[in-house]
Amino acid sequence: MNNILLGVNIDHIATLRNARGTRYPDPVHAAEVAERAGADGITIHLREDRRHITDRDVRILRETIQTRMNLEMAVTDEMVQIALDTQPEFVCLVPEKREELTTEGGLDVAGQLEKIKAATATLTEAGIKVSLFIDADRTQIDAAVACGAPYIELHTGHYADAETEEEQQAELKKIAAAASYADDQGIKVNAGHGLTYHNVKPIAALPELYELNIGHSIIGRAVFDGLDKAVADMREEMLSARR
Ligand SMILES: CC(=O)[C@@H](O)[C@H](O)COP(=O)(O)O
Ligand SMILES: NCC(=O)COP(=O)(O)O
């Protein structure tokens, strides 16, 4: 079977740093360790409230990341300008609510088609590859195609949060159907949110998936095992699903 890539989200290194207002632990250092351990890319979410990743992090990481930067951001004029100034390889447009604990759902692309189409066009013209973070829903996939986005990232949070085996299987089925549908439309399919060492394999086994973006569980594991081992072990879990 083909390969699957791992984008390591390092937001929560910055969460820990910001909790005490210190200079450590530094997400710049985390990116370097993650890349050495086999990360195919580094994902950062510059939230509008800067609760974890900061503008300083984005600026320095742009200079230090050796693989590729995937900048997750809300669809606002401020963020589009930051992306144009930063020139990450990828931008993933995500929904944001100021009061949420974490991203709660996918972007409503169908409901804001013109706005997202315009942002996608601006970023694409600047040479940035755009991905849209959406739920596993045909209407949203059709809208992503209409926006001209070359990538989507399927939101796996509902799968990860499922409380019963039955619920989880139903969510997995939805993600599998969406990945296959999007692949038929010629769009590249990533996935992420809430993926852990315990739930990643069935997702990684879906043949259309190109890359998984995983953060919180890797950083959590790193506290006990070290970041290099946490990244390598997650990569191994994913790759073993493809053998
Ligand atoms: C868009 C997404 O799923 C992740 O980037 C997630 O939002 C991580 O950041 P938070 O933990 O701040 O939600
Ligand atoms: N886009 C999803 C992501 O980057 C990581 O989400 P999580 O693993 O921190 O839940």
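Treat the numbers as computed from the prediction; the structure is a model and nothing was measured.

What counts, and at which threshold
Residues numbered from 1 in each chain as written. Chains lettered and ligands numbered in written order. Predicted model: local features only at pLDDT ≥ 70, side-chain atom pairs only at ≥ 80, totals over all residues. Heavy atoms only, no water. Near = heavy atom within 4 Å. Polar contact = N/O pair within 3.5 Å; in protein donor to acceptor, adjacent residues only side chain to side chain. Areas by Shrake-Rupley, 256 points an atom, 1.4 Å probe, with all protein chains shown as cover. UniProt positions renumbered as here; feature names shortened; annotations may be inferred. Helix = DSSP H or I, 4+ residues; strand = E, 2+ residues; numbered from the N terminus. Contact = heavy atoms within 4.5 Å. Buried < 20%, exposed > 50% of the residue type's maximum accessible area, 1.4 Å probe, protein only. Core = buried A, V, L, I, M, F, W, Y, C linked by side-chain atoms within 4.5 Å. Phe/Tyr/Trp six-rings, centres within 6.5 Å; stacked < 30°, edge-to-face > 60°. Lys NZ or Arg CZ within 6 Å of the ring centre and 35° of its normal.

1. Digging into the site of ligand 1
Taken together, the neighbourhood of ligand 1 is formed by Asn9, Asp11, His12, His45, Arg47, His52, Glu72, Val94, Thr102, Thr103, Phe133 and His193. Interatomic distance of 2.9 Å between a side-chain N/O atom of His12 and an oxygen atom of ligand 1. Within the contact set of ligand 1, an oxygen atom lies 2.7 Å away from a side-chain nitrogen or oxygen of Arg47. If ligand 1 stood free it would expose 340 Å²; the protein chains cover 93% of that surface.

2. A look at the UniProt feature "active site" (unreviewed entry) in the chain
Within the UniProt annotation, "active site" (unreviewed entry) is assigned to His45, Glu72 and His193. For the residues just named, distributed over 149 residues, the greatest C-alpha separation is only 12.2 Å, placing them together at one site. Tracing the sequence through the fold places His45 in strand β2 (residues 41-45). Excluding residues within four positions of it along the chain, His45 makes contact with Asp11, His52, Ile53, Glu72, Met73, Val94, Glu96 and Thr103. Take Glu72: it is sitting in strand β3 (residues 69-73). Residue Glu72 is classed as buried on the basis of its relative accessible area, which comes to 8%. In contact with Glu72, not counting residues within four places along its chain, are Asn9, Thr43, Ile44, His45, Leu46, Cys92, Val94 and Glu153.

3. Things to note about the nonpolar core
The biggest cluster of nonpolar side chains holds 75 residues, and the ones touching the most others in it are Leu93, Leu132, Leu212 and Ile218. When residues no more than four places from it in sequence are discounted, the contact partners of Ile218 are Leu6, Val8, Tyr197, Leu227, Ala230, Val231 and Met234.

4. A word on the packing of aromatic side chains
Counted under the stated rule, the structure contains 2 aromatic pairs. For the ring pair Phe90 and Tyr151, a centre distance of 5.2 Å and an interplane angle of 85 degrees mean the geometry is edge-to-face. Residue Phe90 is located in strand β4 (residues 90-93), and its partner Tyr151 is located in strand β6 (residues 151-155); the two are separated by 61 residues in the primary sequence. Neither Phe90 nor Tyr151 differs from the other in exposure class; each is buried. Against the face of Tyr210 rests Lys188, its NZ or CZ located 4.9 Å from the ring centre. Directly above the ring of Tyr197 sits Arg221, whose terminal nitrogen or CZ lies 3.8 Å from the centroid.

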